[in-house]
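# Secondary and tertiary structure notes
Here's the letter readout for the chains.
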Amino acid sequence: MNPMQIAIALWTLLHKEVKRFTRIWPQTLLPPSITMTMYFIIFGNLIGSRIGEMDGYTYMDFIVPGLIMMAVITNSYSNVASSFFSNKFQRSIEEMMVSPMPNWVILSGFILGGMARGLGVGLIVTGVSLFFTRIEVAHPLLTVFVVVLTAALFAIGGFINALLGKKFDDISIVPTFVLTPLTYLGGVFYSISLLPDFWQGVSMLNPILYMVNVFRYGFLGVSDIPVGWALAAILAFITVLYGVALWMLENGKGIRS
């Protein structure tokens, strides 16, 4: 395929993925906004007023970046996992595999679709947060950069989950038993400086901690982790997982199961 044909194929996949989740927006875009509104009310207003300041900021201001990032992570992951697995289940993915499209185009199309949903929900949650606090972004370019990287990373993770899944229940195991605990323990609701030294060290093994902290640094200018290290870790995760996903796709892992 020439570059123009590749661009058309990639755009077609992206358009299909975006149309898929926007067509059923009451199921894909509305629930996250309602859920995050509950978080803002319960944790931000009711509990936050008793907690006071965290790292020199009101508790509401402190948790806003984490809640936005949590919405981006969850939706980027779930969109690709459910979409690609549905294509596997319907056997329509085989039509893509035998087409002239390179495997990296198929992979990138699904990833971009997941990123579109994750970033879209992130914008909605950001809009909701404006009803509860005033947002001031200290480092706008860094904020956009890290949220795009995070959406890409978890979209790739959702793709791998869909490849490994054998039945529909399998694509909910990782979000329920891995992704959700890591998100809650990733510094969304607290600073790891409050933890004992041992648990601070354990927290450093959580990849979500790096993303939440860089994103918070972009908003507030404070972070529990050196920003350079965190960005390097995120880029390393993306490189490794993209390579794994592409290798699995090229070797038919999970396709011919």
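Just so it is clear, the structure is predicted and the values come from calculations on it, not from any experiment.

What follows is about the UniProt feature "transmembrane region" (unreviewed entry) in the protein chain. Mapped onto the present numbering, the UniProt feature "transmembrane region" (unreviewed entry) falls at residues 29-47, 62-85, 105-132, 138-164, 171-192, 198-215 and 227-249. Between the end C-alpha atoms of residues 138-164 the distance is 40 Å, and the span holds 93% helix and 0% strand. Secondary structure content for residues 198-215 is 83% helix and 0% strand, and the end C-alpha separation is 24 Å.

The next subject is helix α1 (residues 3-23). Within an α-helix, residues lying three or four positions from one another point in the same direction, as the helix has 3.6 residues per turn. Between the first and last C-alpha of α1 there are 30 Å, a value that for 21 residues agrees with the 30 Å anticipated at 1.5 Å per step. Within the span of α1, buried status applies to Ile 6, Ala 9, Leu 13, Leu 14, Glu 17 and Phe 21. Across the axial projection of α1, the buried residues extend over an arc of 125°, all falling on one side. Residues Met 4, Trp 11 and Arg 23 are exposed on α1 and point more than 90 degrees away from its buried face.

Let us now look at the packing of aromatic side chains. Under the defined criterion, the tally for this structure stands at 10 aromatic pairs. Summarising the aromatic geometry, the rings of Phe 84 and Phe 159 are spaced 4.3 Å apart at their centres and angled 45° between planes, so their arrangement reads as tilted. Within this pair, whereas Phe 84 is found in helix α4 (residues 59-89), its partner Phe 159 is found in helix α7 (residues 140-164), the two being separated by 75 residues in sequence. Among the residues examined, Phe 84 registers a relative accessible area of 0% and is labelled buried. Where Phe 215 meets Phe 219, the ring centres are 4.9 Å apart and the plane angle is 70°; that geometry is what we call edge-to-face. Taken together, the residues span about one helical turn, with Phe 215 and Phe 219 both in helix α10 (residues 207-220) at a distance of 4 residues.

Definitions and cut-offs
Residues numbered from 1 in each chain as written. Predicted model: local features only at pLDDT ≥ 70, side-chain atom pairs only at ≥ 80, totals over all residues. Heavy atoms only, no water. UniProt positions renumbered as here; feature names shortened; annotations may be inferred. Helix = DSSP H or I, 4+ residues; strand = E, 2+ residues; numbered from the N terminus. Expected span 1.5 Å × (residues − 1). Buried < 20%, exposed > 50% of the residue type's maximum accessible area, 1.4 Å probe, protein only. Arc of directions from axis to C-beta. Phe/Tyr/Trp six-rings, centres within 6.5 Å; stacked < 30°, edge-to-face > 60°.

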